[in-house]
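Structure assessment
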Amino acid sequence: MKKRQRDGLNMFFSAFMVTAYVICSYYIMQLANSVTNAAMYGAITIGIVVLFGALLFYATRVGEGKQVIRFSPSVLCLIVLPAIYIICAYYAVGLPLHDKLQDNSVVIYLAAIALGYGIPYTFTSGFEMVAAEDVYFPERSDEKKEEE
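Notes on the structure follow.

Conventions used here
Counting of residues starts from 1 at the beginning of each chain's written sequence and follows it residue by residue. A pLDDT threshold of at least 70 governs which residues receive local features in this predicted model, and a stricter bar of 80 or more applies before side-chain atom pairs are shown or counted, although totals over entire chains, interfaces and linings include all residues. Excluded from the side-chain calculations are hydrogens and water; all other atoms, namely the structure's heavy atoms, are used. In this description a helix means any DSSP run of H or I spanning at least four residues, a strand means any run of E spanning at least two, and both kinds are numbered starting from the N terminus. Each residue gets one of three labels from its accessible area relative to the maximum for its type: buried under 20%, exposed over 50%, partly exposed in between, using a 1.4 Å probe on protein chains only. Contact definition: two residues touch when any of their heavy atoms are within 4.5 Å. Working definition of accessibility: Shrake-Rupley area with a 1.4 Å probe, residue cover restricted to the visible protein chains. Ring pairs shown here join Phe, Tyr and Trp side chains whose ring centres sit within 6.5 Å, with only the six-membered ring taken for Trp; geometry is labelled stacked below 30 degrees between planes, edge-to-face above 60, and tilted in between.

A few points about the overall build of the protein
Counting secondary structure elements, the protein contains seven helices and two strands. For the protein, the sequential pattern of α-helices and β-strands runs α-α-β-α-α-α-β-α-α. Among the 148 residues that make up the protein, the fraction classed as buried is 25%. In the protein, the proportion of contacts linking residues at least 24 apart, taken out of those at least 6 apart, comes to 76%. If you sum the accessible surface of the protein, you get close to 10,000 Å²; carbon and sulfur atoms cover 67% of it.

Structure follows, in structure tokens:
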């Protein structure tokens, strides 16, 4: 199979996966409407949306090459921790912004998507065309460049 055709197929299945997830989550949300406990309904909704963020990460990281594993403190501080705080402030009455978040559920959904996307992005950057030695032993790749 040609690379161009395989890339097109990967993108199609990624788009199909995201679309299928959105459709399935709609029906799961309709079933969750039957839950009488508002906190449980919120937890189910946030769980579904966090899963959507993780699926969105996977769908945007399809490709060839080596999986690059790394820890990104900037993503942790700028995406993951604020998303966790927003979700906690939605439930905890004493935290600042609780009243505002109760009135605006869109912010909760965006925070849950950011959390689902940010957690894997904190530890991996997806597929990149680099050698494994360059990732784990960058000083060796610098030595190879100097020899050439």
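Regarding the environment of isoleucine 108
Of note, isoleucine 108 is situated in helix 5 (residues 105–123). Take isoleucine 108: its relative accessible area is 2%, and that puts it in the buried class. As a C-alpha pair, isoleucine 108 and isoleucine 46 span 62 residues in sequence and 7.6 Å in three-dimensional space. Look past the residues within four positions of isoleucine 108 in its chain and what remains in contact with it is Ile46, Ile86, Tyr90 and Leu101.

Focus on the packing of aromatic side chains
Counting across every chain of the model gives three aromatic pairs. Ring centres of phenylalanine 71 and phenylalanine 123 lie 5.7 Å apart, and the angle between their planes is 40°; on these two criteria the pair is classed as tilted. Remark: phenylalanine 123 occurs in helix 5 and phenylalanine 71 occurs in the loop between strand 1 (66–69) and helix 3 (73–91); sequence separation between them is 52 residues. Using a relative accessible area of 45% as the deciding quantity, one classes phenylalanine 123 as partly exposed. A centroid spacing of 6.0 Å and a plane angle of 35° characterise the contact between tyrosine 117 and tyrosine 121, whose relative ring orientation is tilted. Of this pair, tyrosine 117 and tyrosine 121 both sit in helix 5, four residues apart, roughly one helical turn.

Distances and angles like these do not, on their own, reveal function.
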